[in-house]
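# Residue-level structure breakdown
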Amino acid sequence: MKFSLRSVSQRGGRLATISELGRHGDKTVTTPMCLVFTQAGTIPHLTNDMVQKLGKHAYPVHLPLPLLLESHEILQKYSNGIGDFLALKHHLLYLSVQDSTIRPPEGFNEKSFVSLWGRSGRLNVDVDKFMSVQEAFKPDWYQALCDSDAGKVGSRKRAHKSVERTLAYLDRCLEKHKESEVLRHSCIFGSIEGGSVAEERELSAKETAKRPVAGFVLEGLDTNGPLDSVLPLCENGKKEIIQSILNELPDEKPRILHGPLDPANILAAVELGIDIFDSTYLF
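Residues numbered from 1 in each chain as written. Predicted model: local features only at pLDDT ≥ 70, side-chain atom pairs only at ≥ 80, totals over all residues. Heavy atoms only, no water.

With 53 residues, the main nonpolar core has Phe130, Phe137, Leu145, Leu218 and Leu257 as its most contacted residues. Here this core takes 6 residues from helix α4 (residues 127–137), the largest share from any one element. (Core = buried A, V, L, I, M, F, W, Y, C linked by side-chain atoms within 4.5 Å. Buried < 20%, exposed > 50% of the residue type's maximum accessible area, 1.4 Å probe, protein only. Helix = DSSP H or I, 4+ residues; strand = E, 2+ residues; numbered from the N terminus.)

Okay, structure coming up:
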């Protein structure tokens, strides 16, 4: 993946292009941008024929893993990847660990696995299973497995644990990604964790930036869940935490922030230096 900065404002907002990404090396997208959100692989409110008419004008498609995880074995047998399976093979595909519209129950992640919540309930995902899913789905880029369960009022101990676990998951994902012939055209993004503890966030950012990731996901900032439960960026010191994270990240790689943020909050995040958002605010 090639991330090319075109300009940076005095406040930190960035204009850039992303090219040479995944299976579609000929496609170029501009940032800041919003991803096209899907639920269980379908774009809400749009029929498939309308999606096809969008063609080259469509932004990359966002595939949250929880409602797709149970299709893993089917996609393994299908072997052509989830893009072809969902009739989205002409679109750039991004796979995230969590669904931004759902606030998952807290306290279920462990050292060796992360709990996702699908149609049949709790599903435990370790690194081996997670990377097997990536090989079956064949996304253009994906978020590495992470522990984003530190909570907005969690203890510093829990925040530090989320950082340690996420870095350990990332190292193993990177190792398996490097060994995978199937994923040679896919890119992996590292997650920045640490709950509401600024020092842990900075540590997570510094350590993740040392790894050979293509970009970063600012995760666990209490931006997931129903719209009425999401705090604005200006509350609880969230804006300051984001700024402290970005200060530790390299300029030459893109940053993603998930969550149903309204236009005002997206503009505030763009000014801070966030490049990519999902479009869950509409749903």
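On to the packing of α4 against helix α5 (residues 156–179), then. Interhelical geometry of α4 versus α5 gives an angle of 45° and a closest axis separation of 10 Å. Classified by the interaxial angle, the pair formed by α4 and α5 is oblique. Crossing geometry of α4 relative to α5 is assigned as right-handed. Residue-level inspection shows Val127, Asp128, Phe130 and Met131 of α4 in contact with α5, the latter providing Tyr169, Arg172, Cys173, Lys176 and His177. Looking at the contact of α4 with α5 residue by residue, the classes come out as 5 nonpolar, 1 polar and 3 charged. (Axes fitted to C-alpha atoms, helices over the stretch in contact; angles between N-to-C directions. Parallel < 35°, antiparallel > 145°, perpendicular 65-115°, else oblique. Left-handed = near helix turned anticlockwise from the far one by under 90°. Contact = heavy atoms within 4.5 Å. Nonpolar A, V, L, I, M, F, W, Y, C, P; charged D, E, K, R; others polar.)

Topologically, Leu218 is positioned in strand β12 (residues 215–218). Judged by its relative accessible area of 1%, Leu218 is buried. In the structure, Leu218 is positioned 53 residues away from Glu271 in sequence and 15 Å away in space, judged by C-alpha atoms.

Take the packing of aromatic side chains next. Inspection of every chain in the model, using the stated rule, returns 5 aromatic pairs. For the pair Tyr78 and Phe85, a centre-to-centre distance of 5.3 Å together with 75° between the ring planes defines the contact as edge-to-face. Note on Tyr78: relative accessible area 31%, which makes it partly exposed. Take Phe85: its relative accessible area is 42%, and that puts it in the partly exposed class. Taken together, the ring pairs in this structure connect Tyr94, Trp141 and Phe189 into an aromatic cluster. (Phe/Tyr/Trp six-rings, centres within 6.5 Å; stacked < 30°, edge-to-face > 60°.)

Cis geometry marks the peptide bond from Thr31 to Pro32, where omega comes out at 5°. Take Pro32: it is sitting in the loop between β3 (24–31) and β4 (33–34). With phi around 55°, Ala40 is a residue other than glycine that occupies positive phi space. Summarising the element assignment, Ala40 is placed in the loop between β5 (36–37) and α1 (48–54).

Okay, the pairing of strand β11 (residues 187–192) next. Burial within β11 is extensive, with 6 of its 6 residues counted as buried. Judged by which residues are buried, β11 turns out to be covered on both faces: Cys187, Phe189 and Ser191 on one side and Ile188, Gly190 and Ile192 on the other are all buried. For strand β10 (residues 141–143) and β11, the ladder comprises 3 bridges, and the chain directions are parallel. By the bridge assignment, Trp141 is partnered in β11 with Cys187. Looking at chain direction, β11 and β12 are connected through 4 bridges and run parallel. Within β12, the residue paired with Phe189 across the bridge is Gly215. For the segment spanning β11, helix α6 (residues 198–209) and β12, crossover handedness is right-handed. (Pairing = 2+ DSSP bridges. Right-handed = clockwise from strand over helix to strand, strands pointing away.)

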